[in-house]
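# Structural description and commentary
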Amino acid sequence: MRHSIIAIATGRPRAVFAIAVLVTLLFGAMLPRIQIDTDPENMLPAAQTDRVFHNLVKQRFALHDAIVVGVVNTSDANGVFNIETLSALQAISERILAIDGVVRNDVMSLSLADNISQGEEGEIRFSWMMKDAPTTQSEVDAIRSAVNRLPLLLNTLVSEDDRAAAIYVPIESKDLSYPISLQIQSIASEYPNTGEYHITGLPVAEDTFGVQMFRQMAISAPLAGLMIFVLMWFFFRSARLVIAPMLVAMITVIVTMGLLVGLGFTVHIMSSMIPIFLMPIAVVDSVHIMSAFSDRYEPGQDVKETISGVVDDLYKPMLFTSLTTGVGFASLLITPVPPVQVFGAFVAFGVLLAFIMTIVLIPAFVVRMKPDSLKALGRLKAGSDADTLLARLLRATGRLTPRFSKLIIALAVGIVLFSIAGVQRIEINDNPVRWFKSDHRIRVADAILNEHFAGTYDAFLVLTNEDDTITREFRERATVLLDSAAADGVDIAALRKLIQNTETAQGQYFGQIISATDDLLFESDSGLEPLEELLFAAEEAQSRSKYFQDPDALREVAALQQALMNTGGVGKTNALPDVVKVENRELRGGDNASYEIPATPQAVAQTLLQYQSSHRPQDLWHMVTPDFRSTAIWLQLKSGDNRDMTHVINAIDDYLHAHPLPSGVTANWAGKTYINVIWQDEMVAGMLNSLFGAFAIVFLMMALLFRSPLLGLLAMVPLTATILAVYGLIGWIGKDYDMPIAVLSSLVLGLSVDFAIHFIQRMRVLREELGCYVEATKLIFEEPARAIARNAIVIALGFTPLFFAALVPYITVGAFMAAIMVISGVATLLLLPALMSLGQEDTRMAEAGESQEGV
Amino acid sequence: MKTVITAIALSVAFAASDSRAEDLSDADEIVSLANSASYYAGNDGRSEVRMIIRDAQGREQRRQFTILRRTVEDAGDQDFLVVFSQPSDVRGTVFLVKKHVGRDDDRWLYLPGLDLVKRISAGDKRTSFVGAHYFYEDVSGRDPGEDTHVLHETNDESYVLTHTPKDSSQVEFSRYQTWIDKNTFLPTRIEYTNSAGNVYRRVEALEVEEINGYPTVTKSRVVDLDSDGQTDMQFRYIAYDIGIPADVFTERSLRRPPGEWLKRPAADQ
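Cut-offs applied
- Residues numbered from 1 in each chain as written.
- Chains lettered and ligands numbered in written order.
- Predicted model: local features only at pLDDT ≥ 70, side-chain atom pairs only at ≥ 80, totals over all residues.
- Helix = DSSP H or I, 4+ residues; strand = E, 2+ residues; numbered from the N terminus.
- Rg over C-alpha atoms; globule rule 2.2 N^0.38 Å.
- Contact = placed C-beta atoms within 7 Å.
- Buried ≥ 20, exposed ≤ 12 C-beta atoms within 10 Å, placed from the backbone.
- Pairing = 2+ DSSP bridges.
- Axes fitted to C-alpha atoms, helices over the stretch in contact; angles between N-to-C directions.
- Core = buried A, V, L, I, M, F, W, Y, C linked by C-beta atoms within 7 Å.
- Parallel < 35°, antiparallel > 145°, perpendicular 65-115°, else oblique.
- Expected span 1.5 Å × (residues − 1).
- Arc of directions from axis to C-beta.
- pLDDT = per-residue confidence, 0-100.
- Left-handed = near helix turned anticlockwise from the far one by under 90°.
- Nonpolar A, V, L, I, M, F, W, Y, C, P; charged D, E, K, R; others polar.

## Concerning the overall build of chain B
Looking only at helices and strands, chain B features four helices and 13 strands. Taking 269 residues into account, the globule formula puts the C-alpha radius of gyration at 18 Å, and chain B, at 18 Å, falls close to it. Across its three principal directions, the C-alpha atoms of chain B cover 50 × 40 × 35 Å. Of all intrachain contacts in chain B linking residues separated by at least 6 positions in sequence, the fraction that spans at least 24 positions is 54%.

In structure tokens:
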């Protein structure tokens, strides 16, 4: 097949170009349909259990993602408690309500909060905390002392140090958070000298990231292209020559991204890096062909024949390096994180596409080259890089490695051991807010607001009573009573239907039955006794089924809140017991001694009836469901680091192990901060599988390629050392093992094995040709070593534009790709010859006797 | 004005007959008639209310209570006693309201579970009534003197008026509009507009029946358009002019609800 491909490419170059242009235009036309997706939730498949539960909880408790707006006043002695700052806070809150996409009823701010307090004559008083801007300092002071008595507001809406106040702005859809945050910012800027305004919250971070990511794509990929162009121009000294590989790279990127967009995939942070990955990888094969062609071509020779020969010879190593690189990326499909899978699949596709483009377009390009340009190739050969610094360095390496092979191996073993120790120090951690540089306004806002408040990161611990014994027993009893009423001639058909309906939500099941029974009792003359009994049974079951109205259950929740605080990782918890206690205290005269949960479910119910008589009755349903069978503890965390969230989760697991919940009651986590932990866990575990999977496949391919398991194993040595060294380095420098770092592992494998393939393959050929190991070593450090080094440099430097990215994950990828290329290049050029020469001592003796086949 | 919800509504005697002849053009007069029709039917009255509160997801909460009402002075002060019967956990919870025109109401609360009588500060009347989408003010009536009224449309069925608060700091709306039935003078629809100019709350009279000669709203609904939640109120076992004595509306009734007057009138339906 390869012969017919080459024949077509060299025979009909115009047609080949036309098709390439057509295909590129076709796929390029899909690019405008691009859709950016920065929701970390999408790191989990839509049906993933934790994600499903997270969304269920959001619905169940009517929760929305929220932007956190903070005002900090450090210049006033009273902090934010001065007329100007509070007036600004009131005005800004009012204007936020008018922004489209804001969930008006749930905006939290001092000016929208309710106050419950003691009136002048000991009466209980329900009022707005600060409906209008205060006009005197005594009004301001009254607000301050009121807030101090309300644990649900303190440290959430106003910081304990009085220096900061916050507005929580829930939004209908998270992709509105960037435009809304801009609107809020511009509103706040109209109130200068009232404090510093900061905007943060995970939705803002994520959405802002998306906007910047889009810009980053538009900058980084072309910059990487430019960088590669400059590098190749430096190596080949001919702009015209370099155009061909650049075309291959561009076509590869456009077709791959066009396909991705065209198939309806969204561009996530991972897939936004596809162009940057493909660009350097795509030119590598071209570099090989161009080098080999310039090596062999003599003026006057048949161009077609020469290029055909070159492509034919390089076909197999290029195919294998492309396949191994492809396998490295494709192994990401094993990781159950959809954006990572998309990234892996499309880069793998791009790598293979680049291979095909190279073997088709480069020969077509070369045969169409003018004689002048071909002469340039000749010049390239004449002025070959035999005496460059790189060449001399490599030659010296070639001379010294056999002599110091034991030292090199000892050193490598030392580095590997050191790296293994480093790997064990790796801290798995991520936090989308940290995807911004530390001087980004979101990072700054995050730091400042979390310094003052209990925390701007949300998580929810949700307790649910799933035991349906009460309903089941009621239904049995009710059926008996209904039969008895029916025997007395009461028409109970409708009531029976209600009672037997198992679909009705528990919150309304008893309520509907009670209403119907009550009506029936009034209308009937007979059957009163069983109906009254039924009414009583329904009322009793209704009361008992409201589990979180029970004082014992509330005390359990309160104890869990305390346990959460004891973990040390939680800034504050807000939950139903807090509401009940505040309401109880104020009903009983405002004494702190009454800050407690009342004694009976009835007392709790009546207390909550008062809480619901506020301006914001709906607030209750953010904490408990109307059937009182599920309750959510809202955690405010100062840190969104997965490590910190994981610590809290583990501590609560221990607590619940020591203090088990009653049977039927479950505890589950939800909230953005928790979801981030989950996808990271999936990613780390998945990446490990991907790595092992890719390792096994690449090893098999190597063994197949070299027809020797031993050589296959040898080929794995440099990349194994590289992976360990890179991750050891991460461990030692204390860089968190985050999303980009995790993804890189499989890539290292796919990319760095290329060097080993070329080295071993060329070494084998040279040894067969020369029949002498020492001579082969000398020659391998000429052109082949230079090609390897050159490719390592092209790829490493090709990623450097990422250093200038505004977003941290891009910088991380750039830095580590460069490091990987350098380390694996060095490992290949030092470790492989050292190991080979070690094996050679036995071989040399054998060589004296009989000739031996291959190394 | 959000008068639709009160069951104890009595249309003024001449409303049904005379007014038809010629349309009224004085907004204040219309409002005054509507206030009478909605809150001052009979000298006294009783009604049983079932409230079904639904959130945007259709989840229900129910409340059932009996309202006793006595007019102290026509179009003026009134007494209300609200006694809860459902859900059973709040049974026996009682509100006593002494409504005063031109000054703050007196309000008391009794919670049997805490065995606690508590005065409630007058303060703000536009808070939720026990978690419903109705406000306290909807139950006892908003003083017509707190708004300025403009009649801007008269059609075959209704007078359409716009009401603007004199003191906007006390309310969450910037204005509201009412559709007042020309025959009964009962408001059939009220829409509240916020400062952004959007209607965010709507109250509707869904069913009106004549009881003891008084047109009475027997079913009404309030919808919170911001949250998509709504509350239905059904008024049943209504009776007017039953002679409830003044001493029923005293603090004593909080701990000992007046069973005699809370009992359902047997032949009502």
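Next comes the rest of the account.
## Let's talk about the overall build of chain A
Broken down by element type, chain A carries 29 helices and nine strands. Across its three principal directions, the C-alpha atoms of chain A cover 115 × 70 × 55 Å. Going through the 855 residues of chain A one by one, you find that 52% of them count as buried. Nonlocal contacts in chain A, meaning residues at least 24 apart in sequence, comprise 80% of its contacts between residues at least 6 apart.

## Here we look at the interface of chain A and chain B
Facing the 40 residues of chain A at the interface are 32 residues of chain B. Of all the secondary structure elements, the ones that give two or more residues to the side of chain A that touches chain B are strand 3 (124-128), helix 18 (506-523), helix 19 (528-545) and helix 22 (601-611) of chain A.

## Things to note about the environment of Asn668(A)
Residue and element names in this part refer to chain A. Here Asn668 shows up in strand 9 (residues 665-670). With 119 residues separating them along the chain, Asn668 and Ala787 place their C-alpha atoms 56 Å apart. Asn668 has contacts with Phe53 and Val462, leaving out every residue within four places of it along the chain.

## Quick word on the sheet that holds strand 8 (residues 630-637) of chain A
Residue and element names in this part refer to chain A. If you walk across this open sheet you meet the four strands as 7-8-6-9, and the pairing is antiparallel. Two strands lie at the open edges of the sheet, namely strand 7 (572-574) and strand 9, each paired on one side alone. The mean angle between the axes of side-by-side strands here comes to 20°, regardless of whether they run parallel or antiparallel. Taken together, the six bridges between strand 6 (residues 457-465) and strand 9 define a ladder with antiparallel strand orientation. Looking across to strand 9, one finds that Leu463 is bridged to Ala667. Most of the contacts of helix 24 (residues 672-706) go to strand 6, to which it runs at about 90°, and overall it touches strand 6, strand 8 and strand 9.

## Some remarks on the nonpolar core
Residue and element names in this part refer to chain A. Among the nonpolar cores identified, the biggest contains 315 residues, and Ile67, Val169, Val248, Leu361, Phe460, Ile633 and Ile760 are the most heavily contacted of them. Element by element, the count of residues in this core is highest for helix 11 (residues 338-367), at 19 residues. Among all residues touching Val248, those that are not within four sequence positions of it are Ala282, Val283, Ser286, Ala354, Met357, Thr358 and Leu361. Ranked by size, the runner-up nonpolar core spans 20 residues in total, among them Leu481, Ile492, Ile513 and Ile514.

## Some thoughts on unusual backbone geometry
The amide bond that connects Gln86(B) to the next residue, Pro87(B), takes the cis arrangement and shows omega of -5°. Structurally, Pro87(B) can be placed in the loop between strand 3 (78-86) and strand 4 (94-99). One non-glycine residue, Ala62(A), lies in positive phi territory at about 50°. Here Ala62(A) lies in the loop between helix 3 (49-60) and strand 1 (66-72).

## Here's the deal with the packing of helix 23 (residues 642-658) of chain A against helix 24 of chain A
Residues and elements named next belong to chain A. With their axes 9 Å apart at the nearest point, helix 23 and helix 24 run at an angle of 100° to one another. With respect to their mutual orientation, helix 23 and helix 24 come out roughly perpendicular. Listed contacts from helix 24 to Asn642, Met645 and Thr646 of helix 23 are Thr673, Tyr674, Asn676, Val677 and Gln680.

## Let's talk about the pairing of strand 8 of chain A
Looking along a regular strand, one sees side chains alternate from face to face of the sheet. Residue and element names in this part refer to chain A. Within strand 8, eight of the eight residues are buried, which leaves the element mostly enclosed by the surrounding structure. With burial as the criterion, each face of strand 8 is covered, one bearing Ser630, Ala632, Trp634 and Gln636 and the other bearing Thr631, Ile633, Leu635 and Leu637. Pairing between strand 6 and strand 8: eight bridges, direction antiparallel. The residue bridging Leu461 from the neighbouring strand is Ile633, located in strand 8. In terms of strand pairing, strand 7 meets strand 8 through three bridges, oriented antiparallel. Each bridged residue has a counterpart across the sheet, and for Asn574 the counterpart in strand 8 is Trp634.

## Comments concerning the sheet that holds strand 5 (residues 196-200) of chain A
Residue and element names in this part refer to chain A. Pairing within the open sheet is antiparallel, and its three strands lie in the order 4-1-5. Only two strands of the sheet have a single neighbouring strand rather than two, namely strand 4 (164-170) and strand 5. In this sheet, adjacent strand axes meet at a mean angle of 20° when their direction is disregarded. Where strand 1 and strand 4 come together, seven bridges link them in antiparallel fashion.

## Describing helix 15 (residues 441-452) of chain A
Residues and elements named next belong to chain A. Taking 1.5 Å per residue, 12 residues should reach 16 Å; helix 15 reaches 17 Å between its end C-alpha atoms and fits that length. When we look at burial in helix 15, the residues that qualify are Ile442, Ala445, Asp446, Leu449, Asn450 and His452. Mapping the buried residues of helix 15 onto a view down its axis gives an arc of 155°, with all of them on the same face.

## Focus: the confidence of the model for chain B
Within chain B, residue pLDDT values average 87, and 90% of them lie at 70 or more. In the predicted assembly, ipTM is 0.90 and pTM is 0.87.

## Quick look at the confidence of the model for chain A
For chain A, mean pLDDT is 87; residues scoring 70 or higher make up 96% of the total. Across residues 844-855 of chain A, confidence stays below pLDDT 50; counting only partners more than four residues off in sequence or on other chains, it has nine contacts.

## Things to note about the pairing of strand 1 of chain A
All names here are of chain A. Burial analysis of strand 1 places seven of its seven residues in the buried class, the great majority of the element. Where burial is concerned, the two faces of strand 1 agree: the one with Ala66, Val68, Gly70 and Val72 and the one with Ile67, Val69 and Val71 are both buried. Where strand 1 meets strand 5, five bridges bridge the pair, whose relative direction is antiparallel. Bridge assignment links Gly70 to a residue of strand 5, and that residue is His198.

## Comments concerning the environment of Met232(A)
Residue and element names in this part refer to chain A. By the element assignment, Met232 lies in helix 7 (residues 202-236). Measuring from C-alpha to C-alpha, the distance between Met232 and Ile448 comes to 47 Å, with 216 residues separating the pair along the chain. Not counting residues up to four positions away in its chain, the partners in contact with Met232 are Val242, Pro245, Val283 and Val794.

## A few points about the packing of helix 20 (residues 551-566) of chain A against helix 21 (residues 576-587) of chain A
Any two packed helices are characterised by how steeply their axes cross, that is the angle between the axes, and by the distance between the axes. Residues and elements named next belong to chain A. At a minimum axis distance of 8 Å, the contact between helix 20 and helix 21 shows a crossing angle of 115°. Classified by the interaxial angle, the pair formed by helix 20 and helix 21 is roughly perpendicular. The chirality of how helix 20 crosses helix 21 is left-handed. Where helix 20 approaches helix 21, its residues Leu554, Val557, Ala558 and Gln561 are matched on the opposing element by Leu576, Pro577 and Val580. The residue makeup of the contact of helix 20 with helix 21, split by class, is six nonpolar, one polar and no charged.

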